[in-house]
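Here is what each chain is made of, one letter per residue.
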Amino acid sequence: MRFPDYRPRRLRYNESLRTLIRETQLSISDLIQPLFVRPGRGIREPILSMPGNYRFSVDELIKEIKEIKDRGILAIILFGIPEKKDRLGTDAYAKDGIIQRAVREIKEKVPDIIVITDVCLCEYTDHGHCGIIKGGEVDNDATLPILGEIAVSQVQAGADIVAPSGMMDGGVMAIRKALDAAGFIHIPIMAYSAKYASAFYGPFRDAAESAPMFGDRRGYQMDPANAEEAIREVELDLAEGADIVMVKPALPYLDVIYRVKKAINRPLAAYNVSGEFSMIKAAIERGWLDEKVILEVLTAIKRAGADLILTYFAKEVAAWLNR
Ligand code: PBG
């Protein structure tokens, strides 16, 4: 059909018509708010490269989570900054580790928020890598049992979903087996399946003090040039027992989100990462962009195929979507 029979502008005539035929609807229930927790009391320490985000002590975190929940957000993902880091990242799986303490408190005070925990070592190791170091390299298979231990300790504390982000081969299988053996057959795994070695994680690494002390993560995270490989990574994680898979970052990888969604029939999450957040915030602060770009970006991520979006904009956007 062509002009003048087809006039696309007929359906753009007013806001009601535009809403009526809108293909993609972003809703609050799509959004997962990442939060950082640190030791101490009464602390709300601003993260300079991520305006509006804080490292919360557990008591302040509870207040924040109550506000987030009141805005209708269903889930949060927690990242911990431990008191002490060491070679083996022991705080990650300690009974009274920062995450375990935080989760216990959240489940007591705000029981019905979904708590997702990050299963990784980089925030807890003194070298900042996502696994155990042997001979100057991240030793994949030596890391696997530790991932199982981290996940079990988090779920014992009350975590509802565990999210392995370290890109270790066999990580999802190790976690599934450990959870099942501990009696947690009902706990889902959200796998960071296609996680790229991206410079967009910069502000997060400031926030979590998790930048590697030597080398980089290209030996375990994916090469940004690869998209076919993302499908293989996702299929592998599903075969190992992942319940939700993830593409990360989101905005520079919309094509990967699209391809993965076409290839699988499972819930797909996308992580709108710290660098994506910070560059937009910076441009808005300078008056270079209007804040409307936030909804545009999140809608684009959903349009590409994401069912869930992890985003530092969640709390802010939820207030707009509530209107
Ligand atoms: C830890 C982890 C990272 C992010 C989430 N989990 C950092 C990394 O891989 O270096 C990044 C999230 C963000 O940038 O918002 N493995």
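What comes next is a walk through the structure. (Residues numbered from 1 in each chain as written. Predicted model: local features only at pLDDT ≥ 70, side-chain atom pairs only at ≥ 80, totals over all residues. Heavy atoms only, no water.)

Describing the overall build of the protein
Helix and strand content of the protein: 11 helices and 12 strands. Taking 323 residues into account, the globule formula puts the C-alpha radius of gyration at 20 Å, and the protein, at 20 Å, falls close to it. Here the C-alpha coordinates of the protein stretch approximately 70 × 45 × 40 Å along the principal axes. Taken over 323 residues, the protein has a buried fraction of 54%. Taking the contacts inside the protein whose residues are at least 6 apart along the sequence as the reference set, 73% of them involve residues at least 24 apart. When the accessible area of the protein is evaluated, it comes to approximately 15,100 Å², of which 52% is carbon and sulfur surface. Across the protein, the 43 positively charged side chains and the 46 negatively charged ones have centroids separated by 6 Å. (Helix = DSSP H or I, 4+ residues; strand = E, 2+ residues; numbered from the N terminus. Rg over C-alpha atoms; globule rule 2.2 N^0.38 Å. Buried < 20%, exposed > 50% of the residue type's maximum accessible area, 1.4 Å probe, protein only. Contact = heavy atoms within 4.5 Å. Areas by Shrake-Rupley, 256 points an atom, 1.4 Å probe, with all protein chains shown as cover. Lys, Arg positive; Asp, Glu negative; His and termini not counted. Charge placed at Lys NZ, Arg CZ, Asp CG, Glu CD.)

Overview of helix H7 (residues 228-240)
Compared with an ideal rise of 1.5 Å per residue, which puts 13 residues at 18 Å, H7 spans 19 Å between its outermost C-alpha atoms and is within 8% of the ideal. Considered for burial, the residues of H7 that qualify are Ala230, Ile231, Glu233, Val234, Asp237, Leu238 and Glu240. Where H7 is buried, its residues meet helix H5 (171-181), strand S9 (190-195), strand S10 (244-248) and helix H8 (254-263). At the C-terminal side of H7, Gly241 shows a positive phi close to 115 degrees. (Expected span 1.5 Å × (residues − 1).)

Quick notes on the nonpolar core
Formed by 110 residues in total, the largest nonpolar core has its most connected members in Phe36, Leu78, Leu179 and Met190. Ranked by residues supplied to this core, first place goes to helix H4 (residues 140-157) with eight residues. In this view, Met190 contacts Ile77, Ile116, Ile161, Val162, Ala163, Pro164, Ile244, Met246, Ala269 and Leu310; residues no more than four positions away in its chain are not counted. (Core = buried A, V, L, I, M, F, W, Y, C linked by side-chain atoms within 4.5 Å.)

Quick notes on the side chain of Ser153
In this fold, Ser153 is placed in helix H4. Beyond its immediate chain neighbours, meaning those up to four positions away, Ser153 contacts Ala92, Tyr93 and Gln100.

Examining the state of the cysteines
By the definition in use, this model includes zero disulfides. Looking at the unpaired Cys120, the closest cysteine sulfur is the one in Cys130, lying at 3.6 Å. (Disulfide = S-S within 2.5 Å.)

A closer look at the site of the ligand
Near the ligand, the surroundings consist of 18 residues, among which Lys195, Arg205, Lys248, Ser274 and Tyr312 are the closest. Between an oxygen atom of the ligand and a side-chain N or O atom of Ser274, the distance comes to 2.7 Å. About the coverage of the ligand: the protein hides 100% of its 400 Å² of free accessible area. For the shell around the ligand, a count of residues per class yields nine nonpolar, three polar and six charged. (Near = heavy atom within 4 Å. Polar contact = N/O pair within 3.5 Å; in protein donor to acceptor, adjacent residues only side chain to side chain. Nonpolar A, V, L, I, M, F, W, Y, C, P; charged D, E, K, R; others polar.)

With respect to the pairing of S10
S10 sits mainly inside the fold: five of its five residues count as buried. Side chains of S10 alternate between two faces, with Ile244, Met246 and Lys248 and Val245 and Val247 buried alike. Summarising the sheet, S9 and S10 pair through four bridges and their orientation is parallel. Paired with Lys195 across the bridge in S10 is Lys248. Sheet analysis places S10 next to strand S11 (residues 268-272), joined by three bridges and oriented parallel. When the bridges of S11 are listed, Met246 appears paired with Ala269. (Pairing = 2+ DSSP bridges.)

Regarding a nonpolar patch on the surface
Taken together, Leu11, Leu20 and Ile21 make up a surface patch of nonpolar side chains, about 300 Å² in accessible area. Here Ile21 is to be found in the loop between helix H1 (15-20) and strand S1 (31-37). Looking at Ile21, the relative accessible area reads 42%, which means it is partly exposed. (Patch = residues over 30% accessible without salt bridge, like charges linked within 9 Å, V, L, I, M, F, W, Y side chains within 5 Å. Salt bridge = Lys/Arg side-chain N within 4 Å of Asp/Glu carboxyl O.)

Quick word on the environment of Met173
Tracing the chain through its elements places Met173 in helix H5. Residue Met173 is classed as partly exposed on the basis of its relative accessible area, which comes to 39%.

Thoughts on unusual backbone geometry
For the bond from Phe3 to Pro4, the omega torsion is 10 degrees, close enough to zero to count as cis. With respect to the helices and strands, the residue Pro4 is situated in the segment before H1. The omega torsion of the bond from Lys248 to Pro249 falls at -10 degrees, within 30 degrees of zero and hence cis. Relative to the elements of secondary structure, Pro249 occurs in the loop between S10 and H8. Even without glycine at this site, Met167 takes up a positive phi of about 60 degrees. With respect to the helices and strands, the residue Met167 is situated in the loop between strand S8 (161-164) and H5. Overall, Met167 belongs to the buried group, its relative accessible area being 11%. Here Glu209, not a glycine, exhibits a phi torsion of approximately 50 degrees, which is positive. The topology assignment puts Glu209 in the loop between helix H6 (202-208) and H7.

What is shown is where atoms sit, not what they do.
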